[in-house]
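# Chains, contacts and geometry: an overview
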Amino acid sequence: MTRTSLGLPKRVAWSAALILLLGLLAFKAGKEGLSNFYVQSAHLEIQRWAKPGQAYRAEDWTRVMHYLASSLRYSPGNPWALEESGTLQLRSMSAARDPQLAEAAARSANVDFRMALVQRPTSPFSWASFALTKLYLGEQDDELVKALLRAEELGPWEPGVQQTVVFVGLSVWNRLNQAGQAAVLRAMQRGAQHNAAKIAEIAMTFNRIDLFCAISKMTSQGREVCSRISKSGKNSSKQNKGATP
C-alpha cells in the first residue's frame, strides 16, 4: 500500500469535517439573520409609534410581540431583541393604569436589559435603560449607580442615553458621590448641545434648572433657554406681587 493511499482516508475525513463545520456555521448564521430580521421589523414598528401624532392599536402591539418572540426563538441571546423587548415593556409600564401591572412591566424590562447586558456589556442604551428600570422599581442602590456611570461612559454622544442619565441622575442626586454627580453633569452638558430645551425640561422637573444654566450657558442654545426661563420667572414673580392673597 502506498503512502498516498494511506493518507486518502484522512483527507476524506478532514474534508467531511470541514463540510460539516461550514454547514453548521451557515446554519447558525442563517438563524441569526432571521433573528435580526424579526427584531428589525419590531424596531421599525416601535420607532413609528414614537413619531408625533402616531399611536398603536392592540393588534400592532401583538404583532411586535410576535416579531420579538420569533427573533428570540431563532437566537435566544440576541441582545438587540432583548433591548427592544425591554423597551416595549417600558412602554407598557407607562401606559398601565394598574400599579401592579406597571410594576410587573418594569420588572420584566429590568430582566430583559439585564440579560441583554450579559450578551453585550458595551451597550450604553442597555445600561441607561437598566438604571431607569431600577429607579422605577425603587432599587436606588449601588447597582443603579454603576449602571448610570457605565451608560455615561459608553454613550457620551447618544442623545437618548444622555437624557436618561440626566433623568435618573437627578432622581438620585443626593445618593451620588462627587464622581457620580460629575458624570451626570457631563451628560447634561453634552445633552444641552444637542437638545437644550429637553435637558432643561428634565432639570426643571427636579427643580435643578440652576445646574443646567450653570453648565449650558457656554452654548447659544443653552443661553437662550436659560434667558427665556429667567424672564418667565420674573414675569411670574411680578404677577404674584400684584395679586391679592
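## Describing the overall build of the chain
Scanning the chain for helices and strands turns up 10 helices and 0 strands. From first element to last, N terminus to C terminus, the chain shows the α and β order α-α-α-α-α-α-α-α-α-α. Burial statistics for the chain: of 245 residues in total, 36% are counted as buried. Approximately 14700 Å² of the chain is accessible, and the part contributed by carbon and sulfur atoms is 57%.

## Examining the nonpolar core
If you look at the biggest cluster of nonpolar residues, it comprises 38 residues, and the most contacted ones within it are V166, V168, L170, L176, M188 and F212. When contributions to this core are tallied by element, the ones reaching two or more residues are helix 4 (99-119), helix 5 (124-136), helix 6 (142-154), helix 7 (159-171), helix 8 (178-205), helix 9 (209-216) and helix 10 (220-242). Of all the elements, helix 8 adds the most residues to this core, at 9 residues. Not counting residues up to four positions away in its chain, the partners in contact with V168 are A131, L132, L135, L144 and L148.

## Focus: the packing of aromatic side chains
The full count for this structure, using the stated rule, is 6 aromatic pairs. Ring plane angle 70 degrees and centroid distance 5.6 Å describe the contact between F37 and Y38, whose orientation is recorded as edge-to-face. Ring centres of F113 and F125 lie 6.0 Å apart, and the angle between their planes is 75 degrees; on these two criteria the pair is classed as edge-to-face. You can see F113 sitting in helix 4 and its partner F125 sitting in helix 5, a full 12 residues away along the chain. The rings of F37, Y38, Y67 and Y74 are connected pair by pair, giving a single aromatic cluster. Between R190 and the ring centre of W157, over which it is positioned, the NZ or CZ distance is 5.3 Å.

## As for the pattern of salt bridges
Under the counting rule described, the total for this entry stands at 19 salt bridges. In this structure, the salt-bridge partner of R48 is E45, at a minimum N-O distance of 2.8 Å. Pair noted here: R48 and E45 are both in helix 1 (residues 3-50), with a separation of 3 residues, about one helical turn. Given the relative accessible area of 28%, R48 is considered partly exposed. The class of E45 is buried, set by a relative accessible area of 12%. The salt bridge involving R57 is made with E59; its shortest N-O contact spans 3.6 Å. The network of salt bridges with shared partners includes E103, R107, R114, K134, E139, D141 and E143.

## Some words on the packing of helix 2 (residues 58-74) against helix 3 (residues 79-95)
A packed helix pair is summarised by two numbers, namely the angle formed by the two axes and the spacing between the axes. One way to put it is that helix 2 packs onto helix 3 with a least axis distance of 10 Å and a crossing angle of 150 degrees. Of the possible angle classes, the one that applies to helix 2 and helix 3 is roughly antiparallel. Classified by chirality, the crossing of helix 3 by helix 2 is left-handed. Contacts between helix 2 and helix 3 involve W61, V64, M65, L68, S71 and L72 from the first element and A81, L82, E84, S85, L88, R91 and S92 from the second. Here the contact of helix 2 with helix 3 is composed, by residue class, of 8 nonpolar, 3 polar and 2 charged.

## Here we look at the environment of E45
Residues E45 and V64, 19 residues apart in the sequence, show an inter-C-alpha distance of 7.1 Å. When near neighbours in sequence (up to four residues on either side) are disregarded, E45 contacts D60, R63 and V64. Polar side-chain contacts of E45 include one of 2.8 Å to the side chain of R48.

## Observations concerning the confidence of the model for the chain
Put simply, the chain has an average pLDDT of 84, and 81% of its residues get 70 or more. Averaged pLDDT values over the elements of the chain bottom out at 65 in helix 10 and peak at 98 in helix 5. Of the regions scoring below 50 in pLDDT, residues 235-245 engages in 0 contacts with residues more than four places distant in sequence or in other chains.

## Section: the state of the cysteines
As enumerated under the stated definition, the model contains 1 disulfide in all. Here C213 is linked by a disulfide to C226, with a sulfur-sulfur distance of 2.2 Å. Negative torsions about the S-S bond denote left-handed disulfides, and the value of about -110 degrees found for C213 with C226 makes this one left-handed. You can see C213 sitting in helix 9 and its partner C226 sitting in helix 10, a full 13 residues away along the chain.

Conventions adopted
Every residue gets a number counted from 1 within its own chain, in the order that chain's sequence is written. Local features in this predicted model are restricted to residues whose pLDDT is 70 or higher, and side-chain atom pairs enter the listing and the counts only when it is 80 or higher, whereas totals over whole chains, interfaces and linings include all residues. To obtain the side-chain values, all non-hydrogen atoms of the structure were used and water was disregarded. Elements are defined by DSSP. Helices are runs of H or I of four residues or more, strands are runs of E of two residues or more, and each kind is numbered from the N terminus. Exposure classes here rest on a 1.4 Å probe applied to the protein chains alone. A residue is buried below 20% of its type maximum, exposed above 50%, and partly exposed in between. Working definition of accessibility: Shrake-Rupley area with a 1.4 Å probe, residue cover restricted to the visible protein chains. In these notes, a set of buried Ala, Val, Leu, Ile, Met, Phe, Trp, Tyr and Cys residues joined through side-chain atoms within 4.5 Å is what counts as a nonpolar core. Between two residues, a contact is recorded if the distance between any of their heavy atoms is within 4.5 Å. Geometry of aromatic contacts follows a simple scheme: Phe, Tyr and Trp rings, the Trp one being its six-membered ring, pair when their centres are within 6.5 Å, and the pair is stacked under 30 degrees between planes, edge-to-face over 60, tilted otherwise. Any Lys NZ or Arg CZ that is within 6 Å of a ring centre and within 35 degrees of that ring's normal is treated as a charge sitting over the ring. Salt-bridge detection follows one rule: a side-chain nitrogen of Lys or Arg within 4 Å of a carboxyl oxygen of Asp or Glu. In this description, a line fitted to the C-alpha atoms serves as the axis of each element, helices being fitted only across the stretch in contact, and the angle between N-to-C directions of two axes falls anywhere from 0 to 180 degrees. An angle below 35 degrees is treated as roughly parallel, one above 145 as roughly antiparallel, one from 65 to 115 as roughly perpendicular, and anything else as oblique. Throughout, a crossing is termed right-handed when the near helix is turned clockwise from the far one, and left-handed when it is turned anticlockwise from it by less than a right angle. All residues other than Ala, Val, Leu, Ile, Met, Phe, Trp, Tyr, Cys, Pro, Asp, Glu, Lys and Arg, Gly among them, are scored as polar; the first ten of these are nonpolar and the last four charged. Within 3.5 Å is the distance limit for a polar contact, defined as a pair of N or O atoms, with the added protein rule that one can donate a hydrogen and the other accept it, and that residues adjacent in sequence qualify only through two side-chain atoms. Predictor confidence is given residue by residue as pLDDT, running from a minimum of 0 to a maximum of 100. Two cysteine sulfurs form a disulfide in these notes if their separation is within 2.5 Å.

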